[in-house]
Amino acid sequence: MTCLICIASVKRNQAVWSCCGCFCIFHLVCIQKWAKDSLFLVSSPLTDDDFGKKDYPWPCPKCRFEYKRSETPSRYYCYCGKVENPPLDPWLVPHSCGQICEREFKPPCGHKCLLLCHPGPCPPCPKMVTTTCHCKKAKPVPRRCSAKEWSCHLPCGRLLLCGQHTCENPCHAGNCQPCPRVSKQRCICGRQTAERLCASPQWQCDQVCGKALPCGNHTCEQVCHAGPCGDCPRSGKRSCPCGKSKFTLPCTEDVPTCGDSCDKVLECGIHKCSQRCHRGPCEICRQEVEKQCRCGKHTKRMPCHKPYLCETKCTKIRDCQKHQCRRKCCSGNCPPCDQVCGRTLGCRNHKCPSGCHRGSCNPCPETVDVKCNCGKTVIKVPCGRERTIKPPKCKQLCSRPPTCHHPTQEKHYCHFGRCPPCRQSCQKTLVCGHLCPVPCHDEALVKQTGLHQSAGPWEQPSEPAFIQTALPCPPCQVPVPVECLGQHEVSPLPCHSAGPYSCKRPCGRLLNCQNHTCMKECHHVTKINGSADGKKAGPECLQCEEECTKPRPPGCSHRCVLPCHPGDCPSCLQMLKIKCHCKLSVLYIECLKLTSADLKEKDLLTSCKNQCPKELPCGHRCKEICHSGCCPLNCNQKVKLRCPCKRLKKEVQCSKIQEGQVSLECDALCKEMKRKASEIKEAEAKAAIEEEKRRQQAELEAFENRLKGRRKNKRRKDEVEIEQSSWQKYKNLIMLPVFGVAVVMIAWLMVYND
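Residues numbered from 1 in each chain as written. Predicted model: local features only at pLDDT ≥ 70, side-chain atom pairs only at ≥ 80, totals over all residues. Heavy atoms only, no water.

Asker: Talk me through the overall build of the protein chain; I want residue IDs and the actual numbers.
Answerer: A tally of regular secondary structure across the protein chain gives six helices and 22 strands. Scaling as 2.2 N^0.38, a compact globule of 754 residues should have a C-alpha radius of gyration of about 27 Å, whereas the protein chain reaches 67 Å, well beyond that. A principal-axis box enclosing the C-alpha atoms of the protein chain has dimensions of 190 × 150 × 85 Å. Here the protein chain holds 754 residues, and 24% of them are scored as buried. Of the contacts made within the protein chain by residues no fewer than 6 positions apart, 23% connect residues no fewer than 24 positions apart. (Helix = DSSP H or I, 4+ residues; strand = E, 2+ residues; numbered from the N terminus. Rg over C-alpha atoms; globule rule 2.2 N^0.38 Å. Buried < 20%, exposed > 50% of the residue type's maximum accessible area, 1.4 Å probe, protein only. Contact = heavy atoms within 4.5 Å.)

As C-alpha cells, then:
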C-alpha cells in the first residue's frame, strides 16, 4: 500500500491513520502535516485578531471528507480503535490488534461487526431477521439484516397528507410522495381561490389583512393570516427608551423620554452611557484610559474605543524556521508564516499554495477532468496525471456517420481517433449474381511501395506508408457442384473458377490387357461407339507396356515370356539347377516337373541316389541313401562297452548304448583291486605326515641351540615355581556363594521367629 501524501510504501511497523470516509491509509506524520497545511490555507486570509478563534475543517487527501481541527490525529490506533500502538504480529493483518471489531454497522441496525480487527469498511450485516415489507401487508420472511427492507410491489394504500386520497405507488420505503392531484383551494384569509396541488392545501395570498384592531385607531398590518388579528401593539404599559420608567398612554401617543441618564453599557463593555434618556443607539466611548499595547512593551493614554498598537516588530522565527514574524506589536502568539511556498509542484502546472514550510511539498491538491471523445464521461484525476492516464471508457454509442457504402455502421462505444474498420459483409451483387460475403472493403489500408528510392546505403529505410482506399470485390467463392474430367467425383468449386477440372487422381479405366488400369492423371475420354460405360479405356488413355505380372504356379520363380496379355500364361519349361538333399551333387530338373510334383515325387527328384554323408549323434555315418530331413537314430554298428574300472569289456549295438538298455558293472575282483589301491594311498599319506613332523622337530632343536649360545655369559637364578593346589585356586569361588546362602538363611529365620 502507498501513502498518497508522500508517495512512499506503508510498512507494517509505521504509525498510520485511516480515513473514516474512504478508508484510505496514510502515515500518521504525513496526515498531521497535511492537516496543518490545509488549516493554513483556510486561515491565511484571516486577520490577526481572528487567528486561532474559529475551528476550520481540513479535508481528507483522497475523498475530501472534512474533519474538525480538534479531530487532527495525534495517536496511533488499530483499525477498530481499541488498542493504542498495536504490537507488530506477523500472524495478523498489519496495524490490527487481532480482537473482534465490534464496530456498529452503517447504517446502524443494532448489531456489531464480528470480524477480527480489519482495514476498510465493515461488510453488510449478515444476521438473519424476520421482517415484513414496507407497507406491512405481506407476511414476514427471514432476510439478511443488511437487506431487510423489501417491497411486495403491491399498491401502498396509505392515506396521503391531503386526507382525501391514498397512495397508488407500489410498496415503498419512507413517507409517501405528495398527492399529485390538483384542486381549487382558498387561501388562509379566504379572499382568493386558485388551483393548487392537493398536497399543499394551505397557502397565503399577497394581500395585507387591513382589519381594524380593537383600539379603533390602527389596522392589522399582517399579510393573509388565520385566526384573530390580536391587540394593538401600542396598547398597555410602554417603557421609555432607557427602560427605567413606564407610561400608560393611548395608542395614538408616543412614549416620551424620562430625562434620567441612559446608563446603558457601551460597546467597550466597561463604561456606561452618560447621556440622558434618548432614542436610537448610544455613542462610542470617548473616555481616556491607560492602555497597554498588545505586545506589553508600551503604555499610553488614549480614548477607550481606539485600540493601541505600537510600532515594535516581533523578531521571533516562525514555524517554517526561515522567516521572522515581523508583525507589529505581536502578542507572542505568532501566526504561521504568511508567505507562500511558491515552489513548482510535481504536476509541473501549479506552484505550492501552502505556507512556507520545511521539507518537500505535498502533492498538487488540484484535480483535472479527463473526458472521453464525446465528453459525456468524465473522471477527475490529480493534476499532472492527465498526461499519462488513459481516457475513461465511455458507455455511449459512437454517433459518427458511416464512411462506407452501408447505411448504418456497427454499434460500438465512444472512442478517440478513426472508427474501427467496418466488419459488416459487403453484400454487393457480383457479375455471377451472388452477393459478396466478405467484410466491407471500402476503406482498406494498402501498403505503398516504390514511392521513395534511397539515395544510398547510408540512408535509413523509411517506414512503409499506408493509404486508405476501396478495394474491388474478391472473386466469388460460392461453391458450385462440378464433375471432374474423368467423371470420378463431383466437387464444389468456387463460382469464379467453376469449369471442367482434373481431380489429380489416376484415370483408373481398364486397359486392353485386362490386367492394368490407366495411370494417367484424370483426363478427358472420348466415348467410342456411343458407349456409356465409364470404366473402359479410350483413345486418350495410355497403352500397356509392362511385362506380364500374373501369379506363377507355386514354386516357380520365372517370369512369363510374353508381354502383359489377357488369359492364362503358358507352362514354364526352364531347367532348374538345384542341389540334392546331401548338398554334394548338382541336379538339373524342369521347372514344370518340380512345381507339379507332390512331396514324395519332389524327394525322389532331388535325391542323388548315393549314401548319406551325414554323421549320427553317436559319431557314425548314416547308412541310408540321400534323403531329406533328419537321419534315423537307430545305429546298428558294433561298439565295445567297458566297466567303470576299465578292466572288463563287451561288444554291443550302438543304438542300445544310446538308449541305456545295456550296462557293464565291476565284479568282486575289480572291487578287491580298488580296496588294495586305497590302502596303499593311506599308508603313503601317513608316511608323509611323519616325515613332516621329524623335519619340524629338527628345525626347533637347531633354533634352541642358537639361543643357548647367546646366554652363555649371563647369570640366571633358577626359580622353582610352586604349583598351587586346586583348593587354593578355587576357594574364593566356592566360599563366596556359601557365605551368601548362609546370610540369607539366617535373615529368613530371624524374620520367621519374630
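Asker: Tell me about the environment of Cys334, residues and numbers included.
Answerer: Mapped onto the secondary structure, Cys334 falls in the loop between β12 (299-303) and β13 (367-371). Residue Cys334 is classed as partly exposed on the basis of its relative accessible area of 23%. Placed 38 residues apart in sequence, Cys334 and Cys372 show a C-alpha to C-alpha distance of 49 Å. Beyond its immediate chain neighbours, meaning those up to four positions away, Cys334 contacts Cys314, Lys316, Cys325 and Arg327.

Asker: Which residues make up unusual backbone geometry, and what values do they have?
Answerer: With omega at 0 degrees, the peptide bond leading from Lys106 into Pro107 counts as cis. Of note in the backbone geometry, Arg348 takes a positive phi value of approximately 65 degrees without being a glycine. Here Arg348 shows up in the loop between β12 and β13. Given the relative accessible area of 63%, Arg348 is considered exposed.

Asker: I'd love a proper account of empty space enclosed by the protein, names of residues and values included.
Answerer: Counted according to the given criterion, the structure contains one cavity of 30 Å³ or more. The calculated volume of the largest cavity comes to roughly 50 Å³. Together, Arg12, Tyr76, Pro86, Pro87, Leu88, Asp89, Leu92, Val93, Pro94, His95 and Ser96 line the largest cavity. Here the residues of the lining of the largest cavity are counted per class, giving seven nonpolar, two polar and two charged. (1 Å grid on protein atoms, 1.4 Å probe; cavity = no way out; pocket = protein on both sides within 12 Å on 5 of 7 lines; lining within 4 Å. Points joined across faces, edges and corners; volume = space filled by probe spheres on them. Nonpolar A, V, L, I, M, F, W, Y, C, P; charged D, E, K, R; others polar.)

Asker: Could you give me a rundown of the nonpolar core, with the residues and numbers involved?
Answerer: A general feature of soluble globular proteins is that nonpolar side chains tend to end up buried together. Core analysis: the largest hydrophobic core is formed by 30 residues, its most contacted members being Ile5, Trp17, Phe26, Ile31 and Trp58. For this core, the elements supplying multiple residues, two or more each, are β1 (16-18), β2 (25-27) and α1 (28-43). Of the residues forming this core, the biggest block, six residues, is contributed by α1. (Core = buried A, V, L, I, M, F, W, Y, C linked by side-chain atoms within 4.5 Å.)

Asker: Go over the layout of surface pockets with me, naming the residues and quoting the values.
Answerer: There is about 610 Å³ of room inside the largest pocket. Every residue lining the largest pocket is counted, 24 residues in all, and those nearest its centre are Leu4, Ile7, Pro363, Cys364 and Pro382. Of all the elements, strand β14 (residues 378-382) adds the most residues to the lining of the largest pocket, at three residues. In the lining of the largest pocket, the residues fall into 14 nonpolar, five polar and five charged.

Asker: Outline the environment of Val129, listing residues and values.
Answerer: Mapped onto the elements of the fold, Val129 is located in strand β5 (residues 128-131). What makes Val129 partly exposed here is its relative accessible area of 21%.

Asker: Quick one: what's the story with the side chain of Arg509, residue by residue and with numbers?
Answerer: Examined against the element boundaries, Arg509 turns out to sit in the loop between β18 (490-494) and β19 (575-579). Engagement of the side chain of Arg509 in a polar contact is seen with the backbone oxygen of Lys536, the distance being 3.1 Å. (Polar contact = N/O pair within 3.5 Å; in protein donor to acceptor, adjacent residues only side chain to side chain.)

Asker: Outline the pattern of salt bridges, listing residues and values.
Answerer: Under the counting rule described, the total for this entry stands at 18 salt bridges. Taking the shortest distance from any N to any O, the salt bridge between Glu102 and Lys82 comes out at 3.0 Å. With a gap of 20 residues between them, Glu102 in the loop between β4 (66-67) and β5 and Lys82 in the loop between β4 and β5 connect regions that are remote in the sequence. Note on Lys82: relative accessible area 38%, which makes it partly exposed. (Salt bridge = Lys/Arg side-chain N within 4 Å of Asp/Glu carboxyl O.)

Asker: Report on the state of the cysteines, specifying residues and quantitative values.
Answerer: A covalent bond between the sulfur atoms of two cysteines is what we call a disulfide. Within this structure, the stated rule accounts for zero disulfides. Counting only cysteine sulfurs, Cys372 is the nearest neighbor of Cys374, a cysteine outside any disulfide, at a range of 3.3 Å. Classification of Cys374 as partly exposed rests on a relative accessible area of 37%. (Disulfide = S-S within 2.5 Å.)

Asker: Describe the side chain of Thr595, naming the residues involved and giving the relevant values.
Answerer: Here Thr595 is to be found in helix α2 (residues 591-596). A polar contact is formed between the side chain of Thr595 and the backbone oxygen of Leu592, at a distance of 3.2 Å. Beyond its immediate sequence surroundings of up to four residues, Thr595 is in contact with Pro554, Gly555 and Cys556.

Asker: Could you give an account of a positive patch on the surface, with specific residues and numbers?
Answerer: Side chains of Lys577, Lys579, Lys583 and Lys614 sit close together on the surface and give a patch of like positive charge. Residue position: Lys583 is located in the loop between β19 and β20 (586-590). (Patch = residues over 30% accessible without salt bridge, like charges linked within 9 Å, V, L, I, M, F, W, Y side chains within 5 Å. Areas by Shrake-Rupley, 256 points an atom, 1.4 Å probe, with all protein chains shown as cover. Lys, Arg positive; Asp, Glu negative; His and termini not counted. Charge placed at Lys NZ, Arg CZ, Asp CG, Glu CD.)

Asker: Mind laying out a nonpolar patch on the surface, listing which residues take part and the relevant values?
Answerer: A surface patch of nonpolar side chains, amounting to about 490 Å² of accessible area, comprises Leu733, Ile734, Met735, Val738 and Phe739. Positionally, Met735 belongs in helix α6 (residues 726-753).

Asker: Quick rundown of the packing of aromatic side chains? Include the residues and the values.
Answerer: This model, assessed by the stated rule, comprises five aromatic pairs. With a centroid separation of 4.9 Å and an interplanar angle of 25 degrees, the aromatic rings of Trp58 and Tyr67 are classed as stacked. Residue class for Trp58 comes out buried when judged on its relative accessible area of 0%. Its relative accessible area of 6% is what places Tyr67 among the buried residues. Members of the aromatic cluster, connected to one another through ring pairs, are Trp17, Phe26, Trp58, Phe65 and Tyr67. (Phe/Tyr/Trp six-rings, centres within 6.5 Å; stacked < 30°, edge-to-face > 60°.)

Asker: Got a sec to walk through the environment of Ser502? Specific residues and values, please.
Answerer: Along the chain, Ser502 falls in the loop between β18 and β19. Sequence separation between Ser502 and Pro335 is 167 residues, and the spatial gap between their C-alpha atoms is 101 Å. Excluding its chain neighbours within four sequence positions, the residues that come into contact with Ser502 are Leu485, Glu521 and Cys522. Within the structure, the side chain of Ser502 is placed 3.4 Å from the side chain of Glu521, a separation counted as a polar contact.

Asker: Any details on the confidence of the model for the protein chain? Residues and values, ideally.
Answerer: Detailed reading of the predicted coordinates is not advisable wherever pLDDT is low. In this model, the protein chain carries an average pLDDT of 82, and 92% of its residues clear a pLDDT of 70 or more. Contacts for the low-pLDDT stretch residues 716-722, under 50 throughout, to residues beyond four places or in other chains number one contact. (pLDDT = per-residue confidence, 0-100.)

Asker: Let's hear about the pairing of strand β22 (residues 649-653): which residues, and what values?
Answerer: Here strand β21 (residues 638-642) runs beside β22; their pairing, made up of five bridges, is antiparallel. Bridge pairing in β22 places Lys640 opposite Glu651. Connecting β21 to the antiparallel partner β22 that follows it, the hairpin turn spans six residues, and Lys646 within it adopts a positive phi of roughly 65 degrees. (Pairing = 2+ DSSP bridges.)

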